[in-house]
Each structure stands twice: as C-alpha cells, then as structure tokens.
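# Close look at the chain arrangement
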Amino acid sequence: MNNLLSQVINMLFGLVLARILMPEDYGIVGLLAVFTALASALQECGLSSALINKKDASQEDYDTVFWFTAGSSVLLYLVLFFCTPLIAGFYRIPELKALGRVVFLGFVFSSLCTVPMVRLQKALQIKKLSLLLLLVTVISGVCGVIMALCGWAYWGLALQSVGLFFFRMVFVWIAARWRPGFSFDARSFAAMWRYGVRILINRVVDTISNNILIVFLGRYYSHVQVGYYNQASKWSYSAYSVFCGVVTGMMQPVFVEASDSMDRLQRVFRKTFRFMSMVSFSCMFGLALIAPEFITIAITDKWAPAVPLMRILCVGGAFIPLTWMCNTLILSRGKSGLVMWVAIGASCLQLLMVFLSHPFGIRVMTLVYAGILVLTCLLMQYMVGRELRAGYLGLLADSLFFCAVAAISMFASGWIAGDIENIYGRLAVKILLAAFFYIVLLRLAGARIYLEMKAYLLQMLRKKFHGRKEEKEC
C-alpha cells in the first residue's frame, strides 16, 4: 500500500510540475541524478541490509554503521562539491556548478537517517514508517509546486528533491527515538562489510545501468532532449516499479519456503512467472499504446517529443519485473555472485552499445538500451532454467506467449481507434478494446494462469457476497 500510494502521490505532483515547468528544467536536474544515486549507493555500502539481517544487533553495531555512513557521506559530498566545476564543464552547462552543490546535500541527509530507519524496520514499525514517508512525500511535493509557481524553475525540482531527504531525516529521527553512541567496532564492521559488499556492487551496477543514457544524452545532446527522456523514463519507471516492488517484497520468502522440494519450487516459480508475465506485458504495452493521449491530456502537448521514447522504454520495461523475479529466485538459492556478474556484464554491454549508437540519434540509443533489457531478461531465464533443472524453452514460451498476445491486442486496438479525432474518445476506445482483445485471446488460447486467476477472483467475490448476505439474515 505504501509503494502504491507513494507512486500515486508522486504521479499527481509530477503532473502538476510538468504542466508548469519546461523540458530544459527537467533536463538540467536530471543530469545530476547519476552522481546522486552513485553517492547514495557508495556511502551506504549495503550495511543497512547487513544490519537488518543481523538478528542480535547491538548498540555498537548500530553506532558502527551510523558513524561509517555519516562519515562516508560527508567525505563523498566534499569530493562532489569540488568536482561540480568539472561536471558543469563536462556537460557544458555552467548552472550545474551551484545546482549540484545543493542537490548533493540530499544523500547526506539520507545517510543520517539510515540507522533510525533500520531500527523502525527491525521493530516492525511498518505502519508508522509508511505514514511518515507518505507525509514527507506530500510536504516535499507541495514545496516543489509552490517554488515552481513562484518562478524558481529547475531550482524548484532540486529543492523538492533535497527537501524530501531532509524532512524524512527529521521525521524518522523523531519516530525512532534513538541516539548514537561514540563507539566503532572494527570486527562488527568487517563482518557486515563482507555481507554487504556484493549488495553494494549490485547497486552501483544498477545505478549505472539505469542512468547510462542520461550521461550520454547530457554530453552529446541538448538538455531539452534530456528533459524529454527524463519525462518518458519517469512514467515508464512509475509503472514497472510497482510490479518490481511486489517481486521484492513477496517472492523471495515464497521461493525460500518452497525450496525444500525442487518439484514444488519449479511449480511455484512457473506459476508466479506466468502471472507476472500476464500482468507486466499487458500493463506496460498498454501504457505504450495510450502514451500520445496520456502525455497530451496529462501534461500538455509541449511534451509530445517524449512519446516515442516513452513507448520504447515501456516495451523494454515490461521485461524488467521478469528479470527481477529471476534474480530473486537465484538469490533465494544463495547465489548472489551469479546475479552480480550478470548485472556487471549487462551494464558493460549497455555502455558499449549506447556509446556506439549515440551518433545515430536519441531514439536509436533508447532502442539499443531497451534491447539490452530484453536480452538480460532472456539470459536470466536461461540461468533460472539451469538452476531449477527445468527446460529453458518452457520459461521462454511462457514469457513470449504473453508478450505476443499483448502486442497483438495493442496493435489491433491502436489500428481500430487510430482514426478517432476526439482525444478523450480515442483514449477510452483504446483502453476498452485492448482489454477486450487481451482477455478474448487469453481465453481462446486457454491460458492456464488466466483461467486460475479468474476462478480465484470469482470465488472470492462469491464468499464476500454470501458473507454479507448471511450477516443481513442474522
């Protein structure tokens, strides 16, 4: 619920800000995202995950993580503070010098609340933490909108981002009611470092992979085009991150529980993989279908150049939840090193291919980036097939079946509704036709997971209806 509500709130504020600000404003702020994300990953070093995993964490353990993350974040901030002239020179945008020195404060504030957040999580204070994070999202969003209305332009976006981390730090410290001591246990740090180093590498690689296009676009193209890509990326990410959140929060415990029997684990993974394929391809391809109408209605046609990029990213993003599910299965088998090396290889390939394709334009670069996402998903499916000692072709057939059905449904809907002049009518017809074609094709094909889900939902509705009926009779 927290993940979903946060996405909805961010989407609403994003709609308002996109109507007020211009593409170049988003482009300037977006150029700094890779440095902030990398610094956040480096200063934390996976120690928060190690601390959560440690059942008998002591006060010295908390103090050790706190002082390390606080010290490393300040050190990284000082490095970036003096490197901002180089960053501004690399992108040939002088405004980045002052802007970066403000934006980079965000990861310092974030590091200072790492340990208090871990304490709330370990105490299972999930409701309190979720409400605090939602409150912080609303406060920072309101501040960003007010500053944008006052004409602060890209400074409004920057201060909204920094404000999010600052207010989160303040509220989390108040809720946790914890104060650090002045101790540092080297043995404790070494033990947690051994656990967290692979998590650190994965996060750094993921950060580079997710922001690689921004670096090349900022270097070789105008920051207006970076703004268009930033907007397209934001909406596709908001969609597939919901599915990734479900995978992260639910799948690993399920796979661990089912690992006592290889046959059972195979059945569990195949069923959940089919379900995620059915949902991810239909939603992400559907978003690609309605992208022109969505962009024009929601944030006006000044963002129309972002539509082709958004469509490409939505198609590539449909494979990301499946990749995460494969990663989760392999992690549940205790093979984090395999996931790490696949991520490193995929990121190196992305870096090479995007560099080679940058002379051919932003669309070609985005197509190459999305293509690597698809190849990574197929590779992880092969790894899972080997790990489960099951046929790789079975997993490939599952994903490609739902991919094909979703693609046919969206193409047919777009072709039929394409001549409707009224934009609202065209949007409604596209959505209705896409849902109709997708359900009909799944039913005609006899898709097992669709039939099982339909039967389950009908059973739940009958129970709810009969339960209310019995209450009224009583």
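Above this note sits the structure.
Residues numbered from 1 in each chain as written. Predicted model: local features only at pLDDT ≥ 70, side-chain atom pairs only at ≥ 80, totals over all residues. Heavy atoms only, no water.

## Considerations on helix α2 (residues 23–30)
Each full turn of the α-helix corresponds to 3.6 residues, which orients residues three or four apart in the same direction. Put simply, the test is: Relative accessibility decides the category of a residue: with a 1.4 Å probe and only protein chains considered, values under 20% of the type maximum give buried, values over 50% give exposed, and everything between is partly exposed. Every helix listed is a DSSP run of H or I at least four residues long, and every strand listed is a run of E at least two residues long, numbered separately from the N terminus.
In terms of residue burial, α2 counts as a mostly covered element, since seven of its eight residues are buried. Three or more residues of α2 are buried, namely Pro23, Asp25, Tyr26, Gly27, Ile28, Val29 and Gly30.

## Quick notes on the packing of aromatic side chains
Short version of the rule: Here a Phe, Tyr or Trp ring, Trp counted by its six-membered ring, pairs with any other such ring whose centre lies within 6.5 Å, and the pair is stacked when the planes are under 30 degrees apart, edge-to-face when over 60, and tilted otherwise. Charge over a ring is defined by NZ of Lys or CZ of Arg lying within 6 Å of the ring centre and within 35 degrees of the ring normal.
Applying the stated criterion across every chain yields a total of 15 aromatic pairs. Pairing Phe81 with Phe82 gives two aromatic rings, centres 5.3 Å apart and planes at 80 degrees, and the pair type is edge-to-face. The interplanar angle of 80 degrees and the centroid separation of 5.2 Å between the aromatic rings of Trp235 and Phe294 together place this pair among those described as edge-to-face. Of this pair, Trp235 sits in helix α12 (residues 223–258) while Phe294 sits in helix α14 (residues 291–299), placing them 59 residues apart in sequence. An aromatic cluster is present here, built from Phe66, Trp67 and Trp173 joined pairwise through their rings. Over the face of the ring belonging to Phe81 we find Arg101, whose NZ or CZ atom lies 4.0 Å from the ring centre.

## A closer look at the environment of Val204
Along the chain, Val204 turns up in helix α11 (residues 186–220). Taking C-alpha positions, Val204 is 9.9 Å from Ala343, a pair spaced 139 residues apart along the chain.

## Remarks on the pattern of salt bridges
Rules: The working definition used for a salt bridge is a side-chain nitrogen of Lys or Arg within 4 Å of a carboxyl oxygen of Asp or Glu.
On inspection of all chains with the given rule, the structure shows five salt bridges. Here Asp398 and Arg274 are joined by a salt bridge, their closest N and O atoms 3.5 Å apart. One end of the pair, Asp398, is in helix α19 (residues 392–417); the other, Arg274, is in helix α13 (residues 262–289), with 124 residues separating them in the sequence. Owing to a relative accessible area of 9%, Asp398 belongs among the buried residues under this scheme. Residue Arg274 is classed as buried on the basis of its relative accessible area of 17%. Taking the shortest distance from any N to any O, the salt bridge between Glu293 and Lys430 comes out at 3.0 Å. Taken as a pair, Glu293 in helix α14 and Lys430 in helix α20 (residues 423–445) lie far apart in primary sequence, 137 residues in all. Judged by relative accessible area, which is 6%, Lys430 ranks as buried. Each of Arg270, Arg274 and Asp398 takes part in salt bridges that share partners, so that together they form one network.

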